[in-house]
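# Structural characterization, general
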Amino acid sequence: MSILLKGGVVVTAVDRRQLDVRIEKEKIVELGASLPIGDSQVEDVSGCFILPGFIDAHTHLQLNNGAGSSGTADNFASGSRAALANGTTTVIDMATPDKDGSLQACLDTWQRLAKGNSSCDYTFHMSIIDWNPEIKNEIAAMISAGITSFKMYMAYDNLRTTDAEIYEAMTEIKKFHGMLGVHCENGDLVNEGIKKLLKAGKTSPHYHPLSRPDAVEAEAVERYLTIADQAELPVNIVHLSTERSLEAVRRARKRGQQLYVETCPQYLVLDDHLYDAPNFEGAKYVCSPPLRSLDDQRALWEGLENGEIDTISTDHCSFNFKTQKVLGIDDFSKIPNGMPGVETRPQLIYTAGVASKRISLETMVGLLAENIARQFDLFPQKGIVQVGSDADLVVWNPAAKGVISATTQLQNVDYTPYEGIETQGQAQSVFLRGQKVAENGKVLQEKKGQFVFRTTK
Ligand SMILES: [Zn+2]
């Protein structure tokens, strides 16, 4: 039986129209003004917006390696369930191989972690942390397996590769029209910064941002874009956090380079004064790049308003404060890096962006869904409300109010960095491929997520 969403306003990245939406099985089958009911089951969504299911293109839902701890607090089941409750219907998780491990072994691991556990549809960015002839050959195999995007690192000694290796990987990815995203921080300078501060007895979370200042990110962004320019590959900058990096982006675009910029909610609504929270609570905000200044925050909002930033994803990577963050109580560099956030992105961006009149709802739809779908080969299956697309829909109630709190969150972690923030707007109901899977923050159906096979253009 089909379902008819009646009385809502359909929003895309460019416009909004009062349209009814008919969905049947897994797809959107009809859009129109005042559609006849026929034998459809009617959902009255008047007063609400109908948005495409949100896509989070940067999650670490279940990470057991490289984080200097016993693994993330969330796993695929808890993280994807929390995401779904507020309208995120697809995640692109970062698949990270073991050192000297093959990409195929990593893909097998991530498929196993997600299958039967994920409440969102899912795919992966494949991380390249070693570079050798075998890994090079595996890029074609990944593309054939539906994985069209890759991730590399310029920081973290256990993950990073050299500039030459990044260049060689780019030239290989380019052959298949794949996408590369890179964590941009100068790893050598980060190491030196940490060493200098610890030697001076500066061990508290206050010093985390000082060990990796904006220049360290901006230098890596500039270098990465130079390498991409040489390789002639359009690339993605993940979690861009500073004005200085945005200036490097402007220079590259001015010389005609094609590139994509992602930022995250934490850089838009939080700032670096939080590292001074008492009782070691600054550790809750330790992530890399770190939270930045209010000036950087303002620059990022301007970047969103004028279209310089293409996407907002979360970099969700959760560690418990009491048992994991505390590992760095005597040394900030031992605090596991990362923060939870997959659950709260839509209401944070709606509140701080749309309700505060900094960006339009259309812009938000682009940033959280359509632009991501286009960039990562999910469009038009995902990312837009149109006939033929998957019926991944968010019925968004702009009037709903809420307060973010660790006591009520679905993320399986003992804190939220957004504690006490009052939000406006929330997902009244969420559909995943035609099934109503969440209502008013409650998940009705879980573990229905499927792998999304992607192909490059
Ligand atoms: Zn990340």
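Refer to the structure presented above.
Residues numbered from 1 in each chain as written. Predicted model: local features only at pLDDT ≥ 70, side-chain atom pairs only at ≥ 80, totals over all residues. Heavy atoms only, no water.

### As for the nonpolar core
Here is the rule we go by: The term nonpolar core refers to a set of buried residues drawn from Ala, Val, Leu, Ile, Met, Phe, Trp, Tyr and Cys, joined through side-chain atoms within 4.5 Å. With a 1.4 Å probe rolled over the protein chains alone, any residue whose accessible area is under 20% of its type maximum counts as buried; one over 50% counts as exposed, and the rest are partly exposed. Helical segments are the DSSP runs of H or I of at least four residues, strand segments are the runs of E of at least two, and each set is numbered from the N terminus. Residues are treated as being in contact if the distance between any of their heavy atoms lies within 4.5 Å.
If you look at the biggest cluster of nonpolar residues, it comprises 110 residues, and the most contacted ones within it are Met170, Leu180, Tyr224 and Ile237. Looking at this core, the element that brings in the most residues is helix H7 (residues 214–231), giving eight residues. When near neighbours in sequence (up to four residues on either side) are disregarded, Met170 contacts Leu180, Tyr224, Ile227, Ala228, Ala231, Leu233 and Val235. Ranked by size, the runner-up nonpolar core spans 15 residues in total, among them Ile23, Cys48, Ile50 and Phe431.

### Here we look at the sheet that holds strand E11 (residues 149–153)
Within a sheet, each strand pairs with its neighbour through backbone hydrogen bonds, oriented either parallel or antiparallel. The condition is simple: A pair of strands counts as paired when DSSP detects no fewer than two bridges linking them. Note on method: axes are straight lines fitted to C-alpha atoms, helices fitted across the in-contact stretch only, with angles between N-to-C directions ranging 0 to 180 degrees.
Taken in spatial order, the eight strands line up as E8-E9-E10-E11-E12-E13-E14-E15 in an open sheet, and their pairing is parallel. Strands with a single pairing partner mark the edges of an open sheet, and in this sheet they are strand E8 (54–59) and strand E15 (311–312). Relative to strand E10 (residues 121–127), strand E9 (residues 88–95) is paired through six bridges, and the arrangement is parallel. Bridge pairing links Asp93 to Phe124 in E10. Strand contacts of H7: strand E12 (179–183), strand E13 (235–237) and strand E14 (259–263), with the helix running at about 175° to E13, the strand carrying the most contacts.

### What to know about the coordination of the zinc ion
As a reminder, the rule being used: For Na, K and Ca the donor cut-off is 3.2 Å; for every other metal, N, O and S atoms count as donors within 2.8 Å. Water does not enter the count, which can leave sites looking incomplete.
The protein atoms that coordinate the zinc ion are His58 (NE2), His60 (NE2) and Asp315 (OD), at distances of 2.1 Å. Positions of the donor residues of the zinc ion along the chain correspond to the pattern H-x1-H-x254-D. When its relative accessible area of 8% is taken as the criterion, His60 is described as buried.

### Brief notes about the packing of aromatic side chains
Rules: Planes of paired rings set the category: under 30 degrees apart is stacked, over 60 is edge-to-face and the rest tilted, where pairs are Phe, Tyr or Trp rings (Trp by its six-membered ring) whose centres lie within 6.5 Å. Whether a charge sits over a ring comes down to the Lys NZ or Arg CZ being within 6 Å of the ring centre and within 35 degrees of the ring normal.
Applying the stated rule across the entire model yields eight aromatic pairs. A centroid spacing of 6.2 Å and a plane angle of 65° characterise the contact between Phe76 and Tyr122, whose relative ring orientation is edge-to-face. With Phe76 in helix H1 (residues 76–85) and Tyr122 in strand E10, this pair connects stretches of sequence that are 46 residues apart. For the pair shown, Phe76 and Tyr122 are each scored as buried. The cationic tip of Lys284 hangs over the ring face of Phe321; the distance from NZ or CZ to the ring centre is 5.0 Å.

### Quick word on the packing of helix H11 (residues 345–355) against helix H12 (residues 361–375)
Applicable threshold: Left-handed is the label given to a crossing in which the near helix is rotated counterclockwise from the far helix by less than a right angle, and right-handed is the label when the rotation is clockwise. The nonpolar class holds Ala, Val, Leu, Ile, Met, Phe, Trp, Tyr, Cys and Pro. Asp, Glu, Lys and Arg form the charged class, and all remaining residues, Gly among them, are polar.
In the contact formed by H11 and H12, the axes pass within 9 Å of each other and the chain directions differ by 145°. Of the two possible hands of crossing, H11 and H12 adopt the one that is right-handed. Contacts between H11 and H12 involve Arg345, Pro346, Ile349, Tyr350 and Val354 from the former and Leu361, Met364, Leu368 and Ile372 from the latter. In the contact of H11 with H12, the residues fall into eight nonpolar, no polar and one charged.

### With respect to the sheet that holds strand E18 (residues 435–439)
The seven strands are arranged E3-E2-E7-E16-E17-E18-E19 in an open sheet whose pairing can be described as mixed. Strands at the two margins of the open sheet, each flanked by one partner only, are strand E3 (16–18) and strand E19 (442–443). Bridge analysis of strand E2 (residues 9–11) against E3 gives three bridges, and the strand direction is antiparallel. Opposite Val10, over in E3, you have Arg17 as the bridge partner. H11 rests against strand E7 (49–52), strand E16 (393–403) and strand E17 (422–432) of the sheet, and its axis sits at about 130° to E17.

### Considerations on empty space enclosed by the protein
The cut-off we apply is this: We place a 1 Å grid over just the protein atoms. Points where a 1.4 Å probe fits but has no way out form a cavity, open points with protein on both sides within 12 Å along at least 5 of 7 lines form a pocket, and any residue with an atom within 4 Å of a point lines it. Grid points are joined across faces, edges and corners, and a volume is the space filled by probe spheres set on the points.
Per the counting criterion, the structure on display carries two cavities of 30 Å³ or more. Within this model, the largest cavity holds a volume of roughly 50 Å³. Forming the boundary of the largest cavity are Pro265, Gln266, Thr314, Met339, Pro340, Gly341, Thr344, Leu348 and Tyr418. The class makeup of the residues in the lining of the largest cavity is five nonpolar, four polar and no charged. Approximately 40 Å³ is the volume found for the second largest cavity. In terms of lining, the second largest cavity is formed by Met94, His125, Ser149, Phe150, Lys151, Met179, Leu180, Gly181, Asn236, Val238 and Phe376. Only E11 and E12 provide two or more residues apiece to the lining of the second largest cavity.

This is a description of form; function is not addressed.
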